[in-house]
Structure formats: C-alpha cells, structure tokens
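As a plain string of letters, each chain reads:
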Amino acid sequence: SVLVIGAGTDYALLLVARYREELRRHEDRHEAMAFALHRAAPAIFASAATVAVGMLCLSFAELNSTAGLGPVAAIGVAVTFLVMVTLLPALLVICGRWVFWPKRPTFGSPEPTADGIWARVGRRISHRPRRVWIVTTGLLLLACLGLFRLDASGLSTEDTYTKEFDSIKGQKLLNEHGLADNSNTIQVVTNAEQAADVAASLEGIDGLSAPGEAQPVSDGRVWFEATINADISSSTAADIVEASRDATGEVDGADALVGGGSAFYLDTKIASERDSWLIMPLVLVVVLLILIGLLRALVAPLILMATVVLSFGAALGISALIFEYVFGFAGSDPGFPLFAFVFLVALGIDYNIFLMTRVREETANHGTRKGSLIGLASTGGVITSAGVVLAATFLVLGSLPLVFLAELGLA
C-alpha cells in the first residue's frame, strides 16, 4: 500500500504538471491532454517498469516472505500505471481548467517554471558546474561513512519493538530473579548409534545446558534437545547454534541436524544476507538496461546509476547514525539493507527518469546545456513534490511499533 500510493502520486504529479504546462500552449484542453500524455507517458512507463521489474527481482530471494512480495508489488505498480494513463487523464479533461483553481492556466499565459526557483538554481549551477558536482559528491561520500555504524546482524526479541510491551517487562522480571527461560532450545536429530557421541560433543559449549534424554523418531533416528541460555533471536544464541552444528558435524556417521527457534533465526539471517548479495546487483543491472533503452545512450545511464547508488549510500549512512545516536536502536534486521536498497533505488531512479526524459526532449531543440537547464526548470518542482509525498508516505511506517518498519520508513 505504501509503495502503490507513493509511486502512484509521483506519476500523477508528473502528468498533471505537464498537462498544466500544455494548457498554456493549447486552447483546447483535449488537445492539451493529448500532448501532455504523449510527452509524459514514456517517462511514467519507464518509471513504472523500473519499479515493477525491480520488485520482480525479489522473486529470486531464498526467503519466501521476500520472494512473495515481489510479484504482489509489481502487480500493484502495473495497475497504478494503467490508472494514471487512462482514468486520471479522462477525469482531468472532464473537469476542465477549473481543476487548477485558484491559479488556472489560461491559454497564452507565461509558464511560471521558466523563472521559478529551479530555473534560478539551474542558472547558478551553470556558472560553476564542476565545483557543484565535486562538492555535492564529496558531501554524499561523507554521509556514506555512516554505513560503518550500520549493524544488520539482527535484533533480540526485546530490541525488536520501539516500545516496551508487557511480555518484555515479564521477561525482564524473570531474568532479574534468575528464572531462566527453558523454552529456547536446540533440537538435534541424529542416528541412534551415535546419539551418545553427539550429546557428548555438545558438552562444554558456553550457554548451552546438558542435553535431555534421547527420544526415538523413526528409521534408527533419535531426537533430543538442550536449552540455550540466551534470547531466541540474539547473536549469542546464533553463536551457540553455530558452535553446536560444528561440534555435531565432527561426529562420524551421525548425520546430525541441529534445529530449533534460534536456528530458525540464524538461517533466516543467512538467507537474508545471501538474498542481498544476489538481488542488489540484479536490480542495478535491470535498472541500467531500462535506462539504456529509454535514453538510447550508455554513458548517461551509468552516470544516473552512480548518482542513485551514491544517494542510497548517503541515505543509509545518515539513517544508521540517526538509528544509533537519536533513537538508540540496538541494530537492524538482516533484511533491512535489501528492502531499503530496492525501495530507494527502484523509486529513486524515478526522479532521474522524470528529469532526463525532459532533458532529452529539450536537447533536440536547444542543445545539451540549455536543454538540461530547461529540463531542470520544468521538472524540478514536480520532482521535489513527488519526493516529499513519497517521503511522507514511507514515514507513516514509523507509527508502527516495529523497529524494522520504523527504520525502513525513516531511511
């Protein structure tokens, strides 16, 4: 819902802004909409395609929860695109010029963006373009240093929530009185003949209680469990699971398997890290190919991708510092970097597409330099508005009492 509302509003803003611009050039509003749709639809399509394909890349994730989100999000974006290029234009034409009340764009009136704030910004940049991009890049790289403070190793049960629930208070009270939680265990399945050796191999592992009595399962296999004296999703419990797997794996012929609640959290973390290393490069390649097809160029798409990746790094770096020093979060969920990357890159490229399709259009008539300035003046306001809307939409996630969603919304 956050993705569809945010992206849909972006597409609507782009079309409405171009329609308002064409109304100043065409007396007939139907003709104005035809021109606006002809000019804006390719950018909207490219943006929607980028987001949809980026979301479909999630289908390659090992985690079902991540893989299942991909097609759902892609379908949502596709439906949003269809609505924005069919229903919205029809409604705007039916309503007429008064839909822009109180400042209706009359035929022949001057275009305000030509002398607006982004036109002035463009003129100031044009005097010192090299200095501007060097300073801007330097500031973004400086913000990226915050990535070294990002801890995505996982959160304990207590640190998963933004507020203290009664269950957490009860857990703290039990710990204060030395009452251990015996519900968190490793569960070992092994061959019956080597069961004693497997149990013996677990002795001496810090934080792990003595194994219980082995119970027969089937086909010469037995099952037993041992209590982990740590929170189920903590890094300490994960270390105990890994140590248990290493120890039981050294028993010849045992074919031992170590599971349990903490093992589930550990395997989820491993799968999340694997998904990140696979899907992040995949999204970058897909987005780059779409940009190459849209702009019919190679160097420009590479520059655009570099700006988006740099923006992602800066956003995550700043967010990591806020997580730690402002909100005092203990860390981040292992899946946080991947979700932040997919949303920021797939949606962040929208603004580059909005800008560059207009720059490419104006460059044909005015040359690269002047065409770039006109493109910035024309789309700067739309991009700013779209960015504010999308940021506000994602920030709503911060109202939920889950650290993962609060962090994702802020980033």
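This text gives an overview of the structure that appears in the document. Along each chain, residues carry numbers from 1 onward, in the same order as the chain's sequence is written. Totals for whole chains, interfaces and linings use every residue, but because this is a predicted model, local features are given only for residues with pLDDT of at least 70 and side-chain atom pairs only at 80 or more, for both listing and counting. Side-chain metrics rest on all non-hydrogen atoms present in the structure, leaving aside hydrogens and water.

### Let's talk about helix α2 (residues 29-56)
Link 1 in the chain: Runs of H or I in DSSP of at least four residues are treated as helices and runs of E of at least two as strands, each being numbered from the N terminus. The span you would expect from a helix comes to 1.5 Å times its residue count less one. An ideal rise of 1.5 Å per residue puts 40 Å on 28 residues; α2 measures up with 38 Å between its terminal C-alpha atoms.
Link 2 in the chain: A40 marks the point of greatest bend in α2, at about 35 degrees, and the proline P42 comes within the next four residues.
Link 3 in the chain: Two N or O atoms count as a polar contact when they lie within 3.5 Å, although within protein this holds only if one can serve as hydrogen donor and the other as acceptor, and sequence-adjacent residues are included solely when both atoms are side-chain atoms. N-capping of α2 is provided by D28, with a side-chain oxygen placed 3.0 Å from the backbone N of H30. What we call the bend at a residue is the angle made by axes fitted to the seven residues finishing there and the seven residues starting there.

### A look at helix α10 (residues 261-295)
Link 1 in the chain: Between its terminal C-alpha atoms α10 stretches 50 Å, which fits the 51 Å expected from 35 residues at 1.5 Å a residue.
Link 2 in the chain: Taken from the residues just after α10, R296 is the one with a positive phi, measuring 55 degrees.

### Describing a nonpolar patch on the surface
Link 1 in the chain: By definition, no residue in a patch forms a salt bridge, and every one has over 30% relative accessible area; like charges are joined within 9 Å, nonpolar side chains (Val, Leu, Ile, Met, Phe, Trp, Tyr) within 5 Å. Here, Shrake-Rupley sampling with a 1.4 Å probe gives the accessible areas, and only protein chains in the shown set may cover a residue. We define a salt bridge as a side-chain nitrogen of Lys or Arg found within 4 Å of a carboxyl oxygen belonging to Asp or Glu. Together, I75, V79, V83, L87, L91 and I94 make up an exposed nonpolar region whose accessible area comes to about 550 Å².
Link 2 in the chain: Considering the arrangement of structural elements, one finds V79 in helix α3 (residues 64-85).
Link 3 in the chain: Residue classification places V79 among the partly exposed residues on the basis of a relative accessible area of 45%. Only protein chains enter the accessibility calculation, which uses a 1.4 Å probe. A residue is then buried if its area is under 20% of the maximum for its type, exposed if over 50%, and partly exposed in between.

### Observations regarding the packing of helix α6 (residues 129-144) against helix α11 (residues 299-325)
Link 1 in the chain: Note on definitions: angles span 0 to 180 degrees between N-to-C directions of axes, and those axes are lines fitted to C-alpha atoms, for helices only across the stretch in contact. Between α6 and α11, the shortest axis-to-axis distance is 7 Å and the interhelical angle comes to 45 degrees. Between α6 and α11, the angle falls in the class oblique. Note on packing geometry: the crossing formed by α6 with α11 is left-handed. Of α11, the residues touching α6 (which contributes T137, L140, L141, A143 and C144) are L310, G313, A314, G317 and I318.
Link 2 in the chain: Its residues placed into classes, the contact of α6 with α11 shows seven nonpolar, three polar and no charged. Convention used here: angles under 35 degrees read as roughly parallel, angles over 145 as roughly antiparallel, angles from 65 to 115 as roughly perpendicular, and any remaining angle as oblique. Put simply, a crossing is left-handed when the front helix is turned counterclockwise from the back one by less than a right angle, and right-handed when it is turned clockwise. When checking whether two residues touch, look at their non-hydrogen atoms; a contact exists if any pair is within 4.5 Å. Lys, Arg, Asp and Glu make up the charged group, whereas Ala, Val, Leu, Ile, Met, Phe, Trp, Tyr, Cys and Pro make up the nonpolar group; the residues left over, Gly among them, are polar.

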